[in-house]
Every structure is written in C-alpha cells, then in structure tokens.
Amino acid sequence: MDEHNAETPKQEQEQPKQEQSEKYDLFNTAELAELYSKYQPPLDERVIEIVLSSTKGRDCLVDIGCGSGSSTRPFCSHFSKVIGVDYSPAQIDLAKSLSQEISNAEFLQGSLYELPVADSSVDCIIGVMIAQFIDLPQLFEEAKRVLKPGGVLLFHGKGSPKVVQIERESETESKTDTTISQLNERISYIKTGLFAGLFHDRTHFNPQKYSNIPPLHVDQDITREEWISSRWTTLPVLADYMLTWSAAGKYCAKHGLSSGELKEKMIEVMKGGDNGMCSVRCEADRFTWSACHVTGG
C-alpha cells in the first residue's frame with residue numbers, strides 16, 4: 001500500500017464492522033492499558049480549547065477509541081454527558097475504575113462503527129491518535145448518523161518526539177558525549193529498526209499531520225490546526241512513553257520480553273554508552289482535523 005495514500009483498501013472496506021474493530025484492537029491487555037494510562041502525555045489543553053470553540057452544543061461528547069479515558073475525562077466539566085467507547089475490554093475496565101467518582105462519564109465496550117447512541121444526539125465526536133487505526137468511510141457514515149446538525153467530528157494526532165536540548169550531569173565534555181543529532185538517530189532506530197515491520201500499516205496519517213484525511217462531506221472545507229509541544233524529560237521516562245506504542249507490545253510478544261526488559265533495552269540504545277545525560281528537552285508536533293456535520297451533506 002502506498003504510504004501516502006489515504007484511501008482505505010477495498011478489501012478492508014468490505015470486511016464486517018466487527019472484524020474491522022478486532023483487526024485494530026492492538027491494546028487489549030491489562031498491562032498495555034495500564035502502560036498507556038500511566039505514560040501517555042495528558043491531553044493538550046489546546047485540544048480542549050479547540051473542541052469548545054468549534055462545538056455549539058454542550059449536551060454530549062463521544063470519545064472514540066477512548067482507551068483508559070485520559071482523553072475523555074477532561075471534557076466532563078464542559079459537557080452534560082461524556083461517553084467513551086473502545087473495542088478493548090481491558091481499556092474500558094481501567095477507564096471505569098479510574099472514573100468512578102465522575103457522575104456524567106460513561107464508558108462502553110463496542111465498535112466505533114456502531115456507536116451506542118441515538119441518531120442526531122451528539123455535539124462532538126473526538127478521536128485522539130485513532131485516525132490511523134480505523135476505516136474512515138465507515139466511521140464517517142456512523143458520524144453522520146449520530147452527530148447533530150452542525151455537530152463536530154475532530155481527530156487529534158501527535159508526532160514523534162524530537163530532542164532539541166540535552167542537559168548533562170557534568171559540563172565536562174568527553175569523547176562519549178552524545179550530540180542532539182546522535183540521540184535523535186538512536187530514537188529513530190528504535191522506531192524504524194528495532195520495531196521494523198511492527199507498526200500499524202496506516203500510520204502514514206501521522207507524518208502527513210492528518211492533511212490527507214478526506215472531508216466528512218464531499219467538497220466540504222475542513223479545519224486543521226498545528227502547533228509544537230515542548231517538555232523536559234529523562235531517557236527512562238521517554239522509554240516509558242515508547243512502551244505505549246502498539247509496536248512495543250508486538251515486540252515484547254515476538255521476543256518473549258517483559259515491558260521492563262524492553263524499557264531497559266531502549267534506554268541502552270538511547271544512551272549509546274553515554275551515561276552523562278540527565279535530562280532532555282523534546283519537541284513534538286501536535287495537530288487536529290475537524291469537520292462539521294451538514295444536514296443533507
């Protein structure tokens with residue numbers, strides 16, 4: 001499949017909806033659910049601002065591919081009802097456990113293509129890091145069913161972290177000091193070398209920053225926003241984040257490793273024999289794609 005082709009393959013479109021969901025159910029273990037909940041960065045405040053500024057109603061928001069609810073709960077203070085839907089029972093179980101004290105949040109296990117909500121009842125559908133895992137034509141049809149006229153479908157994506165600054169334990173330079181370029185090359189190796197062939201085959205949506213996602217309705221204008229997120233972190237914390245990648249779980253299963261063993265392996269790769277790096281500043285692209293549901297569109 002052409003990596004720049006945003007179209008869903010015909011054979012994929014013809015699969016039953018349940019099989020589609022099962023095919024992309026990559027996080028259905030209690031361990032992966034826990035890792036994702038702990039180590040994925042929290043939802044960017046800017047995403048919340050974009051949703052609130054583009055959504056007219058405040059009755060109902062549905063978070064598709066909600067996982068453990070980290071992208072669902074931030075909206076509970078803004079909407080009367082918030083529903084998280086995920087095909088993974090492990091993710092939904094954790095989401096319920098983490099949200100017991102929130103009265104207007106509901107988490108349901110099920111298909112994104114058969115959302116458990118009434119026709120024309122939803123003000124906003126949001127999907128965080130989900131666009132590359134789903135059949136867009138099928139989802140678009142379901143979105144048109146459940147969204148109110150003028151309701152919004154919004155996807156939020158995140159680019160891979162890029163190191164822009166290294167802080168060392170000692171200012172004394174040595175032959176083993178890692179440069180920014182070298183560290184980024186090592187991180188790239190983890191993704192393209194260590195995890196080669198293990199990432200989802202449609203992750204081309206992310207490098208394109210969702211610019212190749214078609215509109216919800218034919219000839220419709222869409223809204224896209226881009227910005228850069230920056231934060232200081234450590235190599236162990238960066239490795240924790242990498243454990244949330246779908247390819248990491250596949251790598252552990254393929255090689256019989258625990259997540260802790262893989263974490264140590266990735267830390268060693270990033271260090272490259274240099275033990276003097278105490279923290280790094282990373283930047284990563286953030287982007288959103290959104291479109292309104294037009295009645296009769």
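Since the model is a prediction, treat every value here as computed from it, not as a measurement.

Looking at the pattern of salt bridges
Inspection of the entire model under this criterion finds 14 salt bridges. One salt bridge in this structure joins Glu 141 and Lys 144, with 3.4 Å as the shortest N-O distance. Here Glu 141 pairs with Lys 144, and both are found in helix H6 (residues 136-146), just three residues apart, close to one helical turn. Judged by relative accessible area, Lys 144 falls into the partly exposed class, the value being 22%. The network of salt bridges with common partners includes Lys 209, Arg 224, Glu 226 and Asp 285.

Concerning the nonpolar core
Within the largest apolar cluster, 29 residues are counted, with the highest numbers of intra-cluster contacts made by Val 62, Ile 64, Ile 125, Leu 153 and Phe 155. When residues in this core are grouped by element, the largest group, five residues, is from H6. Once residues lying within four places of it in the same chain are set aside, the contact partners of Leu 153 are Ile 125, Phe 140, Ala 143, Leu 147, Leu 216, Trp 289, Ser 290 and Ala 291.

A closer look at the confidence of the model for the protein chain
In this model, the protein chain carries an average pLDDT of 87, and 86% of its residues clear a pLDDT of 70 or more. Of all the helices and strands in the protein chain, helix H1 (residues 10-13) carries the lowest mean pLDDT, 39, while strand S1 (residues 60-64) carries the highest, 98. Here residues 1-16 is modelled with pLDDT under 50, and outside its nearest four sequence neighbours on either side it reaches 28 contacts, counting other chains as well. Residue range residues 18-27 is modelled with pLDDT below 50. Its contacts to residues more than four positions away, or to other chains, number 34 contacts.

Some words on the side chain of Thr 55
Relative to the helices and strands, Thr 55 resides in the loop between helix H4 (45-54) and S1. Residue class for Thr 55 comes out buried when judged on its relative accessible area of 6%. Of note is the side chain of Thr 55, whose polar atom sits 2.7 Å from the backbone oxygen of Val 51. Apart from the residues lying within four places of it in its own chain, the contact partners of Thr 55 are Phe 79, Asp 123, Cys 124 and Val 152.

Topic: the packing of helix H9 (residues 246-255) against helix H10 (residues 259-271)
One can describe the packing of H9 onto H10 by two numbers: an axis separation of 10 Å at closest approach and a directional angle of 110 degrees. Taken together, the axes of H9 and H10 lie roughly perpendicular to each other. Residue-level contacts link Ala 248, Tyr 251 and Cys 252 of H9 to Ser 259, Leu 262 and Lys 265 of H10. Looking at the contact of H9 with H10 residue by residue, the class counts come to four nonpolar, one polar and one charged.

Notes on unusual backbone geometry
Note: most peptide bonds trans; most residues except glycine with negative phi. A positive phi angle, near 55 degrees, is found at Met 129, a position not held by glycine. Mapped onto the secondary structure, Met 129 falls in the loop between strand S4 (122-128) and H6. You will see that Asp 219, though not glycine, has its phi angle at about 60 degrees, which is positive. Here Asp 219 is to be found in the loop between helix H7 (180-194) and strand S7 (223-233).

Remarks on the packing of aromatic side chains
Tallied over the full model, the rule gives 10 aromatic pairs. Here the aromatic rings of Phe 199 and Trp 245 are separated by 5.8 Å at their centres, their planes lie at 55 degrees, and the arrangement is tilted. Placement of Phe 199 in the loop between H7 and S7 and of Trp 245 in the loop between helix H8 (235-242) and H9 is noted, with a sequence separation of 46 residues between them. The buried category is assigned to Trp 245, whose relative accessible area is 9%. Summarising the aromatic geometry, the rings of Tyr 210 and Phe 287 are spaced 5.0 Å apart at their centres and angled 85 degrees between planes, so their arrangement reads as edge-to-face. One end of the pair, Tyr 210, is in the loop between H7 and S7; the other, Phe 287, is in strand S8 (residues 277-292), and 77 residues separate them in sequence. Pair check on accessibility: Tyr 210 and Phe 287 agree, each one buried. Clustering of aromatic rings is evident, with ring pairs tying together Phe 140, Phe 155, Tyr 210, Phe 287 and Trp 289.

Structural notes on the environment of Glu 45
With respect to the helices and strands, the residue Glu 45 is situated in helix H4. Sequence-wise, Glu 45 and Pro 74 are 29 residues apart; in three dimensions their C-alpha atoms are separated by 9.0 Å.

Re the pairing of S4
By the criterion of burial, S4 is predominantly enclosed, with seven of the seven residues buried. In this sheet, S4 lies alongside S1 in parallel orientation, the contact comprising four bridges. Looking at S4, one finds that Val 62 is bridged to Ile 125. Sheet analysis places S4 next to strand S5 (residues 147-158), joined by six bridges and oriented parallel. Bridge pairing in S5 links Cys 124 to Val 152. Note on the crossover from S4 through H6 to S5: the handedness is right-handed.

So, how was this worked out
Residues numbered from 1 in each chain as written. Predicted model: local features only at pLDDT ≥ 70, side-chain atom pairs only at ≥ 80, totals over all residues. Heavy atoms only, no water. Salt bridge = Lys/Arg side-chain N within 4 Å of Asp/Glu carboxyl O. Helix = DSSP H or I, 4+ residues; strand = E, 2+ residues; numbered from the N terminus. Buried < 20%, exposed > 50% of the residue type's maximum accessible area, 1.4 Å probe, protein only. Core = buried A, V, L, I, M, F, W, Y, C linked by side-chain atoms within 4.5 Å. Contact = heavy atoms within 4.5 Å. pLDDT = per-residue confidence, 0-100. Polar contact = N/O pair within 3.5 Å; in protein donor to acceptor, adjacent residues only side chain to side chain. Axes fitted to C-alpha atoms, helices over the stretch in contact; angles between N-to-C directions. Parallel < 35°, antiparallel > 145°, perpendicular 65-115°, else oblique. Nonpolar A, V, L, I, M, F, W, Y, C, P; charged D, E, K, R; others polar. Phe/Tyr/Trp six-rings, centres within 6.5 Å; stacked < 30°, edge-to-face > 60°. Pairing = 2+ DSSP bridges. Right-handed = clockwise from strand over helix to strand, strands pointing away.

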